[in-house]
Amino acid sequence: MLLRSTLIYAPAILLTRISALLLLVIVTRLIDQTEYGLLTLVVTVGEMTDIAVTNWLRIALLRLGGKGDVSRGSLMLAGRVLLASTALALIVSVVASALIVPERWVEFSIAVGSYLIAGAVGRFALTVLQMQQRHSVYSMLEFLRAVLQLALPIGAIMLFQDSFLTVSLGTSLGVLIAGIVAGIMASRRVVAGPPRFTQKEFFVLGVPLVIMALVGFGLHSAERLFLKVYYDAGAVAIFAAAYALARQPIDMVANAINMGAFPEVVSRFDEEGSAASGRLLSQLMALMIRLCLPVAAMLVALSSDITQLLLPSAYHGRVGLLFPIIAFSVLCGNLTSFVYGTVVHAHKRPWLLIIATSFGSVATIALSVLLIPPMAEVGAALALAGGSLVGFVACVVISERLTPVPVPWRDIGVSVVISFAAGLAASIASALLAGVPAIFSLIVAGTAGAVVFFGLTWLFHPAATMQFVGKLRARLRTA
């Protein structure tokens, strides 16, 4: 089941992540480092505010609204809440812009506001499609969003001035267009009827998620703001470029697994009980580590080649040092959110996540103050890693009191061995090809690591490998 849902959502996740990486490669060459740093700050503030405004809405709808037939009453109730929360977020974003980028706060607030409006429309529409179990339509619209988010910003730069505002508005326009199309398609299958939940139930589940998002700002974004305060937008650009390159491939795999797994876990919790959902989460953890850890190992092994190929020379040297630290942070974050955090959501007690997130945020902020002034971008990466680890441990302690998740120690051990071997093979191949163009070194070394990964995976997990190949073939035949 987990492999099937992963393959269903993988194309959508893959396309949007590839689009984001291509945009990074192109934009860093078309606008200067300071402008790119400001663009990443727009995304940072926009993402965190968007989590508080719309991501909690997605979780609440998936948890309370059910799947299959979606009633108009449920969407009307959720839509009113979304409209009010988005209006509030726009006001907050103006204040935040004046504090973070006082020298260009008008442009910054316009960029963040556009990001929030487009994100609210897009996420709401896609959530409805996910509730309706229309997986193929979801993937198709994510493909549309990926294309628009790549083409429109580049076109905007060519036609207008080379600034972060131009790129940001182009990106937001792409999200908005895809969101409107998704909303039209989702509305055609909405059924008449009252909401499946009350406004009180919605807020009881949602308010803690909003508070958690606000508290989590320290855990997920504080290091970038401290870099801006202690250094400048150029330092933010260095860190953000490394973060995007190290995060996107790992997140792509983890999100593909989680998109289908989350509704299944909460559904099994409701239908079969806590122990059954715990067993499914154990399988989810094993699959996530099995697929994400080798990706992280390959990223670390090939960090120099990746940086040379994808980023301008101004970013070289400093970015590669950040890869292993950021990869560790991302792995901790994904296990926290997609495994142990899901336990808390299944029990409908999201306020407990505020506690775990608070520990992580305090640790990140404290480490940022201590490490960023003397160590710049490396200090920011270490602060993020420390906060992610603290948040992970806190979430494990809390969730284990609700539903113990059996830790698949054997699978983890095997995954560590496979990942180390794949990373070592890629590293050796890269070293042997030192001096050749980065693209050739990356292709050969990446292929060497992939061959080792698939070979050892087949050796240790023959049944799972054959099942994966069979499902992949079936998916390709129906695509």
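About the cut-offs
Residues numbered from 1 in each chain as written. Predicted model: local features only at pLDDT ≥ 70, side-chain atom pairs only at ≥ 80, totals over all residues. Heavy atoms only, no water. Helix = DSSP H or I, 4+ residues; strand = E, 2+ residues; numbered from the N terminus. Contact = heavy atoms within 4.5 Å. Areas by Shrake-Rupley, 256 points an atom, 1.4 Å probe, with all protein chains shown as cover. Salt bridge = Lys/Arg side-chain N within 4 Å of Asp/Glu carboxyl O. Buried < 20%, exposed > 50% of the residue type's maximum accessible area, 1.4 Å probe, protein only. Patch = residues over 30% accessible without salt bridge, like charges linked within 9 Å, V, L, I, M, F, W, Y side chains within 5 Å. pLDDT = per-residue confidence, 0-100. Core = buried A, V, L, I, M, F, W, Y, C linked by side-chain atoms within 4.5 Å. Domains from an automatic or database assignment. Phe/Tyr/Trp six-rings, centres within 6.5 Å; stacked < 30°, edge-to-face > 60°. Expected span 1.5 Å × (residues − 1). Axes fitted to C-alpha atoms, helices over the stretch in contact; angles between N-to-C directions. Parallel < 35°, antiparallel > 145°, perpendicular 65-115°, else oblique. Nonpolar A, V, L, I, M, F, W, Y, C, P; charged D, E, K, R; others polar.

Student: Please explain the overall build of the protein chain as it appears in this structure.
Tutor: In terms of helices and strands, the protein chain carries 16 helices and 0 strands. For the protein chain, the share of sequence-separated contacts (at least 6 apart) that also reach a separation of at least 24 residues comes to 85%. Roughly 19,900 Å² of accessible area belongs to the protein chain as shown, and the carbon and sulfur atoms make up 71% of that amount.

Student: Hey, could you run me through the pattern of salt bridges in this one?
Tutor: Any two side chains of opposite charge can pair if their charged atoms end up close together. With the rule as written, the count across this model stands at 6 salt bridges. With a shortest N-O distance of 3.1 Å, Arg-104 and Glu-107 are connected by a salt bridge. In this structure, the salt-bridge partner of Glu-142 is Arg-145, at a minimum N-O distance of 2.8 Å. With Glu-142 and Arg-145 both in helix α5 (residues 135–159) and 3 residues apart, this pair spans about one turn of that helix. Relative accessible area serves as the criterion here: at 4%, Glu-142 is assigned to the buried category. A single salt-bridge network, built from bridges that share partners, covers Glu-35, Arg-104 and Glu-107.

Student: I keep staring at a nonpolar patch on the surface and nothing clicks. Help me out?
Tutor: A grouping of Val-94, Trp-105, Val-106, Ile-110 and Leu-169 is seen on the molecular surface, where their side chains present a nonpolar patch of about 400 Å² in accessible area. Inspection of the secondary structure puts Val-106 in helix α4 (residues 105–131).

Student: Any chance you could explain the confidence of the model for the protein chain here in plain terms?
Tutor: Caution applies to low-pLDDT parts of the model: their predicted coordinates are not meant to be read in detail. Of all residues in the protein chain, 90% attain a pLDDT of 70 or more, and the chain-wide mean is 84. Summarising per-element confidence for the protein chain, the mean pLDDT is lowest in helix α16 (residues 462–478) (63) and highest in helix α14 (residues 409–432) (94).

Student: Is there a simple way to explain the nonpolar core in this structure?
Tutor: Generally speaking, nonpolar side chains in soluble globular proteins are found buried as a group. Within the largest apolar cluster, 137 residues are counted, with the highest numbers of intra-cluster contacts made by Tyr-36, Leu-57, Phe-202, Phe-239 and Ile-326. Considering each element in turn, this core owes the most residues, 23 residues, to helix α9 (residues 233–272). Both domains that furnish three or more residues to this core are identified here as domain 1 (1–197) and domain 2 (410–477). When sequence neighbours within four positions are dropped, the list of residues in contact with Phe-202 reads Trp-56, Leu-57, Ala-60, Leu-61, Leu-64, Leu-77, Ala-78, Val-81 and Phe-197.

Student: What am I meant to see in unusual backbone geometry here?
Tutor: With the exception of glycine, the majority of residues adopt a negative phi angle, and the majority of peptide bonds are in the trans configuration. A positive phi angle, near 55°, is found at Lys-348, a position not held by glycine. Within the secondary structure, Lys-348 is located in the loop between α12 (323–346) and α13 (351–400). In this structure Lys-348 comes out as partly exposed when scored by relative accessible area, which is 44%. With phi around 50°, Ala-376 is a residue other than glycine that occupies positive phi space. Mapped onto the fold, Ala-376 is located in helix α13.

Student: Mind showing me how you'd approach the packing of aromatic side chains here?
Tutor: The geometry of two aromatic rings is summed up by the distance between their centres and the angle between their planes. For the structure on display, the rule yields 5 aromatic pairs. Ring plane angle 45° and centroid distance 6.3 Å describe the contact between Phe-108 and Phe-164, whose orientation is recorded as tilted. With Phe-108 in helix α4 and Phe-164 in helix α6 (residues 164–187), the pair connects residues that are 56 residues apart, well separated along the chain. Between the aromatic rings of Tyr-340 and Phe-392, the centroid separation amounts to 5.9 Å while the plane-to-plane angle is 70°, which identifies the pairing as edge-to-face.

Student: Explain α14 to me, please; I cannot follow it from the model alone.
Tutor: Helical geometry note: an α-helix holds 3.6 residues per turn, so side chains three or four residues apart project in the same direction. Along its 24 residues, α14 runs 35 Å from first to last C-alpha, staying within 8% of the 34 Å computed at 1.5 Å per residue. Those residues of α14 hidden inside the fold are in contact with α10 (274–301), α11 (303–310) and α15 (438–460).

Student: Would you mind showing me how to read the packing of α10 against α12 here?
Tutor: When two helices pack together, their arrangement is given by the angle between the helix axes and the distance between those axes. Interaxial distance between α10 and α12 falls to 10 Å at its minimum, and their mutual angle equals 170°. In this view, α10 runs roughly antiparallel relative to α12, as classed from their interaxial angle. Between α10 and α12, the contacting residues are Leu-281, Leu-284, Met-285, Met-288, Ile-289, Cys-292, Leu-293, Ala-296, Leu-299 and Val-300 on the first element and Phe-323, Pro-324, Ala-327, Leu-331, Asn-334, Leu-335, Phe-338, Val-339, Tyr-340, Thr-342 and Val-343 on the second. The residue inventory of the contact of α10 with α12, partitioned by class, reads 19 nonpolar, 2 polar and no charged.

Student: For this particular structure, what's the right way to read the environment of Gly-119?
Tutor: Counting through the fold element by element, Gly-119 comes out in helix α4. Along the sequence, Gly-119 and Asp-50 sit 69 residues apart, while their C-alpha atoms lie 7.0 Å from each other. Setting aside chain neighbours within four positions, we find Gly-119 in contact with Asp-50 and Val-175.

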